[in-house]
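Analysis of the macromolecular model
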Amino acid sequence: VAANPMKCFTFVTDFTSIVSSSAPEVPSIIKAYSKRSDSITVEFTEVSGATSYILRAESDDFFSETPVSGSPGTVVNLQPTTDYILSVMSVNSGGRSQPSYPVKVKTVVIAPMMNTSSPSNDTILVTWPPVEHAVLYTLCIIRQGSSSRLKLNTTDTMVTFDDLEAGITYCIKGMAWDSEGRTGDDTTVCQITRPPSTDVTVQVTGMGRSLGITVYWLPAQGAENYLALTSNAQNCTATVNSYCYITPVDCGQNHSVVVTAYNKAGPSSPSQPNSWVEEPTAGNCSLVWDEVPMVEYYMAFIKRDDGTEMSCNTTETTCPFFCMCGYTYLTSVFPYNQGGSSPYSHVRNYTTIPCCPQGVTIKLVSADTLEIMWSPVKGAELYETTAKQTNDVIHCNDTAPVCALSDLRCNTAYSVTVTPCSELRGCNRTCTPHTHETAPCSPEILNMTQTNNSTYRVLITNPNTRNTNYTITAIGRYNTHACQTRNSSCEITELPCGSLYEVTAVATTAVGRSLPGFSKPLETGPCCPMFVNVSQVTQAMTNVTWSPGRGARSYITTLTSSRGYAKCHTLDTHCLMGCITCSTNYSVNLEAISSTGHKSECKYHGFSSSPCCPTGVKLYRRANNSLRVYWRSLGRQIHNHTVELYGTGANYTCIAAAGSTYCDIQEETCGDVYTVLAAPVGQNGIKVNFCQPRTYSVPCPGSNAGMGKFPLNSKLHIMFCSS
């Protein structure tokens, strides 16, 4: 080394250079986050010896390395709502370090692409297409020049801000949120509301030889230009000024003008119409001419087509004169000075507008037709007839002074205007309208219900104005019934049973009657029978008869008692029924049914069945040659009994009082065969006639029992003598 110090020095220098060129240490990531949808910011530890750093971002199909000078650093040109793996490397002249421990970060969502409009002068509508992976949107609106703001959250993609000021610019800031609660990009759009309506005034002015109007308005906040439009489609516009001119306009015309303000958001609502008449004072005309040099005065001559003449001596260039509607005026002007008059003057004619018709009458000729008549007027060549309620459609355009308006709405007041027109002057739009109402609308029958035996409530529609009278009429074969109301129902009374009616409804006002509504049939319930008779056939069988009920085709008869009931359905006027036993009180219910199914309930009370026949009837001979008939009574013992004995040699009868169960008869001869009939006597004194007789053989004392011959169908009881 001592022999070659320079070489040794050089070696040491190279060694030092190699050591100082080694790669720096590996940095570590402190925090990584995304505040914009296309970037991620990384905060990391800086290491000694590093001159710069590299941020590496990776995904499935993406790889980038971004050099940064220090912490924090940002990776850009990324995709929204995408997961990225990030790491950081330190760099110096010796190279780069190994990548740090990686972290995973997702970029945030993009901002909503907002579209704005102003549907009206106090609202702004904001819409946007859905943002992918967004779960919530936040919008904030602020008025230009103000610090106050309104903030709202929504999951919709449309928001309307209302109660705003007209003609003012508002800025809306919007952002989206992802499912992790992170806000994404924000964007701001500004929108002006439509201008407010303005107030309008109109002034009729002279423009040389022609008439015109000047339209004035108040400036509207936020307006950029204005459009004035008349009802006869003339218009003018202005941008800076708050007025514009419309010319020419015709005399005798009645029009209106509206002004609409415009800005970038669209038009305002039109102003309230402002009307004007170019000849506001009827009968005032002016003859106007150009000034001629070296003239001392003018002589104007005006001649009407009926020969009437007027003149005017003036130093001015105008001559007012009285003019009437429907006439033609010939005018000429001669200038004068000291040298005399001009030798020649042009003759000009002026025709005034036709007069409005007088004596207009309107008459209702049918439910939906009005006939209008008027007197012909001077200057009119044809007439237009319109109605405001039909959007001023011309119904008649004719030379005749009559018109019919048909197919009109019922119960409606029509404002009819007759407008005279001429070829030279056009139409006189200043005529007064006349009003007439059409006939009321026809009511419809909705329902008919029976409230009692002879009364029906009819429910109808009420399609007309209040205080309309409605008459509902039921027309039958033999009679007519009606009721009146101002409401939607009324009751038709005293309708006889078993009848068929045609029911119609008619409305009436001061104008006239409506057409009848569609009729509906009404069938009253069939009549109940005038009488019902009940007779007992046997102890357990009853025959019920009744008189025919008008309108009834079949009957359902029911006998009801505490011991049961019996029922039959028949086309006849009688019915044989069982199940009702003797000595029973019962009622009769009868349903009369028409051929269409209408029913009438008929009830009859106070019926009772016949007393029961006695049972256990026996015949005994007594010691004193008398016979005793004995029986047992069913039910209450309140009836007398009659006993009849019929023999070959004698007939016997006896009466037993109520409560008694036997009856004694003195026999005159013995050895006879007797037919015994014991029957109760009803309250009416009539004997029950369906009790069955019994036959007994009563031999004389000491004779052989069983002697004698009897019919095969008889019951034979052989009784022996007893004491």
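So, how was this worked out
- Numbers given for residues are sequential positions, taken from 1 along each chain in its written order.
- In view of the model being predicted, local features appear only for residues whose pLDDT reaches at least 70, and side-chain atom pairs are presented and counted only at 80 or more, with totals across whole chains, interfaces and linings using the full set of residues.
- As a rule here, side-chain values come from all non-hydrogen atoms in the structure, and water together with hydrogens is ignored.
- By definition, no residue in a patch forms a salt bridge, and every one has over 30% relative accessible area; like charges are joined within 9 Å, nonpolar side chains (Val, Leu, Ile, Met, Phe, Trp, Tyr) within 5 Å.
- Only the protein chains shown count as cover for residues, and the accessible areas themselves come from Shrake-Rupley with a 1.4 Å probe.
- A pairing counts as a salt bridge when a side-chain nitrogen of Lys or Arg comes within 4 Å of a carboxyl oxygen of Asp or Glu.
- The helix count covers DSSP runs of H or I at least four residues long, the strand count covers runs of E at least two residues long, and both are numbered beginning at the N terminus.
- Between buried and exposed lies partly exposed: a residue is buried under 20% and exposed over 50% of the maximum accessible area for its type, with that area taken using a 1.4 Å probe on protein chains only.
- UniProt positions are given in the numbering used here, feature names are shortened, and annotations may be inferred rather than shown by experiment.
- For Phe, Tyr and Trp, rings pair up if their centres lie within 6.5 Å, where Trp contributes its six-membered ring, and each pair is then called stacked (planes under 30 degrees apart), edge-to-face (over 60) or tilted (otherwise).
- Charges are assigned to positions over rings by a cutoff of 6 Å between ring centre and Lys NZ or Arg CZ, combined with an angular limit of 35 degrees from the ring normal.
- One requirement defines pairing of two strands: DSSP has to find at least two bridges between them.
- Throughout, the protein atoms alone are placed on a 1 Å grid, and a set of points is a cavity if a 1.4 Å probe fits but cannot get out or a pocket if it is open with protein on both sides within 12 Å along at least five of seven lines; lining residues have an atom within 4 Å of a point.
- Grid points are joined across faces, edges and corners, and a volume is the space filled by probe spheres set on the points.
- Every angle, taken between N-to-C directions, lies between 0 and 180 degrees, and every axis is a line fitted to C-alpha atoms, over only the stretch in contact when it is a helix.
- Each residue gets one of three labels, nonpolar for Ala, Val, Leu, Ile, Met, Phe, Trp, Tyr, Cys and Pro, charged for Asp, Glu, Lys and Arg, and polar for the others, Gly among them.
- Pairs of cysteine sulfur atoms within 2.5 Å are identified as disulfides in what follows.

**Structural notes on a nonpolar patch on the surface**
The grouping of Tyr-216, Tyr-243 and Tyr-245 at the surface amounts to a nonpolar patch, some 290 Å² of accessible area in total. Structurally, the position occupied by Tyr-243 is in strand β20 (residues 243–249). Take Tyr-243: its relative accessible area is 31%, and that puts it in the partly exposed class.

**A look at the UniProt feature "domain: Fibronectin type-III" (unreviewed entry) in the chain**
Residues annotated by UniProt as "domain: Fibronectin type-III" (unreviewed entry) correspond here to residues 23–110, 111–197, 356–441 and 442–527. As annotated, residues 111–197 comprises 0% helix and 54% strand, and the C-alpha atoms at either end are separated by 36 Å. Across residues 442–527, the secondary structure splits into 0% helix and 52% strand, with the terminal C-alpha atoms separated by 34 Å.

**Regarding the packing of aromatic side chains**
If you walk through the whole model with that rule in mind, you get 13 aromatic pairs. Ring centres of Tyr-243 and Tyr-245 lie 5.9 Å apart, and the angle between their planes is 70°; this geometry places the pair in the edge-to-face category. Joined through ring pairs, the aromatic side chains of Tyr-216, Tyr-243 and Tyr-245 make up one cluster. One Lys or Arg, Arg-304, reaches over the ring of Tyr-327 and ends 4.4 Å from the middle of that ring.

**A word on the pairing of strand β53 (residues 615–621)**
Here β53 runs beside strand β54 (residues 626–632); their pairing, made up of five bridges, is antiparallel. Across the sheet, residue Tyr-620 finds its bridge partner in β54, namely Arg-628. Taking the residues between adjacent antiparallel strands as the criterion, β53 and β54 are bridged by four residues, where Asn-625 takes a positive phi near 60°.

**Structural notes on empty space enclosed by the protein**
Considering all chains together, one arrives at one cavity of 30 Å³ or more under this definition. The wall of the largest cavity is formed by Ser-583, Pro-611, Cys-612, Ser-633, Leu-634, Arg-636, Gln-637, Ile-638, His-639, His-641 and Pro-680.

**Side note on the sheet that holds strand β1 (residues 29–36)**
Taken in spatial order, the three strands line up as β1-β2-β5 in an open sheet, and their pairing is antiparallel. Both edges of this open sheet fall to β1 and β5 (73–75), since each of them pairs with a single strand only. Here the strands of the sheet are splayed against their neighbours by 25° on average, with no regard to which way each runs. As defined by bridge partners, strand β2 (residues 39–44) adjoins β5 across three bridges and the pair is classed as antiparallel.

**Points about the layout of surface pockets**
Space inside the second largest pocket adds up to approximately 660 Å³. Taken together, 29 residues make up the lining of the second largest pocket; nearest its centre are Ser-608, Ser-609, Ser-610, Pro-611 and His-639. Listing elements by their share of the lining of the second largest pocket, those giving two or more residues are β46 (532–538), β51 (585–593) and β52 (599–608). At three residues, β46 tops the list of elements feeding residues into the lining of the second largest pocket. Class assignment of the residues belonging to the lining of the second largest pocket gives a composition of 11 nonpolar, 15 polar and three charged.

**Quick look at the state of the cysteines**
Taken as a whole, this structure holds 14 disulfides when the rule is applied. There is a disulfide in this structure between Cys-421 and Cys-427, and the S-S distance comes to 1.9 Å. Judged by the sign of its S-S torsion, about 105°, the bond between Cys-421 and Cys-427 is right-handed. Overall, the relative accessible area of 5% leaves Cys-421 in the buried class.

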